[in-house]
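Okay, here's what each chain looks like letter by letter:
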Amino acid sequence: MGLCKVNRAKLMNKKQCEDVFKKLSDMWPNAKCELLHNNHFQLLIAVVLSAQATDKSVNKALDPLLIKFPQFSAFNLVEMGEEGFLQIIRSIGLAPTKARNCFKLSQILIDKYKGEIPLEREKLEALPGVGRKTANVILNVLCGLPTMAVDTHVERLSQRIGLVAQTKDRLKIEQDLLNIVPKKYAVKAHHLLIFHGRYHCIARNPKCELCPIEPLCFKVGLKH
Ligand code: SF4
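Residues numbered from 1 in each chain as written. Predicted model: local features only at pLDDT ≥ 70, side-chain atom pairs only at ≥ 80, totals over all residues. Heavy atoms only, no water.

Across its full length, the chain holds 10 helices and 0 strands. Reading the helices (α) and strands (β) of the chain from amino to carboxyl end gives α-α-α-α-α-α-α-α-α-α. For 224 residues, the compact-globule estimate of 2.2 N^0.38 gives 17 Å, and the C-alpha radius of gyration of the chain, at 19 Å, lies within 12% of that figure. If you line up the chain on its principal axes, its C-alpha atoms span 55 × 30 × 30 Å. Across the 224 residues of the chain, 48% fall into the buried class. Taking the intrachain contacts of the chain between residues at least 6 apart in sequence as the baseline, contacts between residues at least 24 apart amount to 68%. Of the roughly 11,500 Å² of accessible surface on the chain, a fraction of 55% belongs to carbon and sulfur atoms. Separation between the mean location of the 34 positive side-chain charges and that of the 21 negative ones in the chain comes to 6 Å. (Helix = DSSP H or I, 4+ residues; strand = E, 2+ residues; numbered from the N terminus. Rg over C-alpha atoms; globule rule 2.2 N^0.38 Å. Buried < 20%, exposed > 50% of the residue type's maximum accessible area, 1.4 Å probe, protein only. Contact = heavy atoms within 4.5 Å. Areas by Shrake-Rupley, 256 points an atom, 1.4 Å probe, with all protein chains shown as cover. Lys, Arg positive; Asp, Glu negative; His and termini not counted. Charge placed at Lys NZ, Arg CZ, Asp CG, Glu CD.)

Rendered as structure tokens:
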């Protein structure tokens with residue numbers, strides 16, 4: 001399956017969308033957040049570190065730390081210092097900025113929330129390095145809320161399959177997905193799209209011939 005610039009304006013209807021998520025759900029029954037974490041703080045740090053980096057690279061950097069300190073917390077990070085944390089995450093892209101943000105947000109968590117993570121969007125997004133996408137992941141994974149974190153896989157797949165219109169505006173993609181994804185799949189939807197994008201419908205080499213949703217997929221932007 002090659003790539004081309006052909007786009008199609010047509011979008012899936014609710015029934016087609018439901019069928020797609022049913023098949024994705026059957027294909028990826030264990031789809032979930034793959035960032036290693038033992039507590040809420042570790043998940044927040046991992047999601048902050050995963051911006052413009054793969055989950056694999058974040059896990060690789062944090063794994064030795066979490067083995068040594070299974071309950072690594074905001075207090076531990078502040079004690080370690082920004083420079084100490086930077087040494088641990090230096091293999092991840094944008095490490096200096098991320099280390100600074102993680103250090104600062106740890107200080108804020110200690111000062112304002114006794115080291116705990118506030119599970120409210122507004123408070124999360126007020127933390128350094130935490131944007132809408134990170135808040136969506138936290139609220140979804142820790143609270144089971146039907147949020148839609150739009151990363152590179154969700155952006156690519158939702159448009160390629162024909163679930164949402166073509167746009168670079170991730171907020172619009174998020175809102176369009178929230179409107180069309182059936183309630184039944186709302187909590188798991190972003191994990192399903194991420195798993196399918198990460199392991200099957202890969203950016204430059206989608207495995208259409210082996211894809212269970214091939215009969216439904218609009219393959220927007222692909223040569224037919
Ligand atoms: S049919 Fe092809 S383009 Fe559509 S989801 Fe499957 S692998 Fe991706």
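Right, let's talk about the site of the ligand for a bit. The environment of the ligand is made up of 13 residues, and the closest members are Cys201, Cys208, Cys211, Cys217 and Leu222. Considering only residue class, the shell around the ligand consists of 8 nonpolar, 2 polar and 3 charged. (Near = heavy atom within 4 Å. Nonpolar A, V, L, I, M, F, W, Y, C, P; charged D, E, K, R; others polar.)

Partitioning the chain into structural domains gives domain 1 (14-32 + 147-210) and domain 2 (40-143). When domain 1 packs against domain 2, the two sides together hide about 750 Å² of surface, and 48% of this comes from carbon and sulfur. Three residues stand out in domain 1 for area buried against domain 2, namely Thr147, Ala149 and Glu174, and they jointly supply 50% of the buried area on that side. Linking domain 1 with domain 2 are 2 salt bridges, by the criterion used here. For the interface between domain 1 and domain 2, the tally reads 7 residue pairs in polar contact (both at pLDDT 80 or more). Elements supplying a minimum of two residues to the side of domain 1 that touches domain 2: helix H9 (170-180) and helix H10 (189-199). In the side of domain 1 that touches domain 2, the residues fall into 5 nonpolar, 3 polar and 3 charged. (Domains from an automatic or database assignment. Buried area = accessible area lost by both parts, 1.4 Å probe. Salt bridge = Lys/Arg side-chain N within 4 Å of Asp/Glu carboxyl O. Polar contact = N/O pair within 3.5 Å; in protein donor to acceptor, adjacent residues only side chain to side chain.)

So, about the side chain of Thr134. Of note, Thr134 is situated in helix H7 (residues 132-143). Every residue in contact with Thr134, bar those within four places of it in the chain, is listed here: Leu44, Val47, Val48 and Gly129.

Residue placement: Ile161 occurs in helix H8 (residues 152-161). With 44 residues separating them in the primary sequence, Ile161 and Ile117 have C-alpha atoms 35 Å apart. The residues touching Ile161, leaving out its near neighbours within four places in the chain, are Met12, Val20, Leu193, Ile213, Cys217, Phe218 and Lys219.

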